[in-house]
Amino acid sequence: MAFSIPHCFRPALLLGLDIDPTAIRMVELSHRPGRGFQLERYAQRALPEGAVSDQHIDHPGQLAEHIAAVARQLGSKRKRVALALPAHAVITRRMLVPAHITEQALNDLITAEAGAWLTVTPDQVRVDYQFCSIDADGNADNGIDNSAADSAQRDIVLAAARREQ
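Here's what I pulled together on the structure shown here. (Residues numbered from 1 in each chain as written. Predicted model: local features only at pLDDT ≥ 70, side-chain atom pairs only at ≥ 80, totals over all residues. Heavy atoms only, no water.)

**Describing the overall build of the protein**
Then step 1. Check the secondary structure of the protein and you find three helices and seven strands.
Then step 2. In sequence order, the protein lays out its α and β elements as α-β-β-β-α-β-β-α-β-β.
Then step 3. A total of 165 residues make up the protein; the buried ones form 22% of that total.
Then step 4. The long-range share in the protein, meaning contacts at least 24 apart out of those at least 6 apart in sequence, stands at 59%.
Then step 5. Split by element, the accessible area of the protein, about 11500 Å² in all, is 53% carbon and sulfur. (Helix = DSSP H or I, 4+ residues; strand = E, 2+ residues; numbered from the N terminus. Buried < 20%, exposed > 50% of the residue type's maximum accessible area, 1.4 Å probe, protein only. Contact = heavy atoms within 4.5 Å. Areas by Shrake-Rupley, 256 points an atom, 1.4 Å probe, with all protein chains shown as cover.)

**Topic: the environment of Leu85**
Then step 1. Among the secondary structure elements, Leu85 is positioned in the loop between β4 (81-83) and β5 (91-98).
Then step 2. Along the chain, Leu85 and Asp18 lie 67 residues apart, while their C-alpha atoms are 7.6 Å from each other.

**What about helix α3 (residues 103-117)?**
Then step 1. Relative to the 21 Å expected for 15 residues at 1.5 Å per residue, α3 spans 21 Å between its end C-alpha atoms, a close match to the ideal helical length.
Then step 2. Here α3 has its buried residues at Leu106, Ile110, Ala114 and Trp117. Take α3 and look down its axis: the buried residues cluster within an arc of 70 degrees, on one side only. Opposite its buried face, α3 presents the exposed residues Gln104, Thr111, Ala112 and Ala116, each directed more than 90 degrees away.
Then step 3. The elements touched by buried residues of α3 are β5, β6 (125-131) and β7 (153-162). (Expected span 1.5 Å × (residues − 1). Arc of directions from axis to C-beta.)

**Here we look at the sheet that holds β7**
Then step 1. With respect to topology, three strands assemble into an open sheet ordered β5-β7-β6, the strand pairing being antiparallel. Each of the sheet's edge strands pairs with one partner strand only, and the pair in question is β5 and β6. Strand-to-strand twist across the sheet, computed as the mean angle between neighbouring axes with direction ignored, equals 25 degrees.
Then step 2. Two elements, β5 and β7, share eight bridges in a ladder whose sense is antiparallel. By the bridge assignment, Ile91 is partnered in β7 with Ala160. (Pairing = 2+ DSSP bridges. Axes fitted to C-alpha atoms, helices over the stretch in contact; angles between N-to-C directions.)

**Remarks on the environment of Gln153**
Then step 1. Mapped onto the elements of the fold, Gln153 is located in strand β7.
Then step 2. Taking relative accessible area as the criterion, Gln153 reaches 33% and is therefore assigned partly exposed.
Then step 3. Leave out the neighbours within four places in its chain, and Gln153 touches Leu96, Val97, Pro98 and Ala99.

**Concerning the packing of aromatic side chains**
Two aromatic rings are characterised by how far apart their centres lie and by the angle between their planes.
Then step 1. Under the defined criterion, the tally for this structure stands at one aromatic pair.
Then step 2. With 5.8 Å between their ring centres and 90 degrees between their planes, Tyr129 and Phe131 make a pair best called edge-to-face.
Then step 3. The ring of Trp117 has Arg93 lying over it, and the distance from NZ or CZ to the ring centre is 4.9 Å.
Then step 4. Of note, Arg154 hangs over the ring of Phe131, and the distance from its end group to the ring centre comes to 3.9 Å. (Phe/Tyr/Trp six-rings, centres within 6.5 Å; stacked < 30°, edge-to-face > 60°. Lys NZ or Arg CZ within 6 Å of the ring centre and 35° of its normal.)

See the structure below:
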């Protein structure tokens, strides 16, 4: 087993990007187990009127230049970014799955569940999931009530958004 000693003491870093019709915002968050997330850096840049409408990027080249400028302003060396989507663009569902389900069976179950509540074909959407973790008192630490938290089942939250988003 290989690990980096300096990595053990460094917090994990995450970049987040939010684009709205008036501005671009980028944050760098650190995460330390047991201590949660902490804001390390923040940068913002106003967008010219008409660059982005409510659900459409009108000038992708211009937007890319603004994103690059915000990234330079932020000063992070990170290349991977989590992009925020508007709440109306994401569908979420909570479901219980067997605790010891295989990855393939879980993927099949998620595909079937998503197919039941999505009105578009599976190739038009991206579906992802997150297991909800339970604290020592049996409560979900992400705000979801987990009263059925027995060892035979686990809570997951599914999120789906159109690929074009």
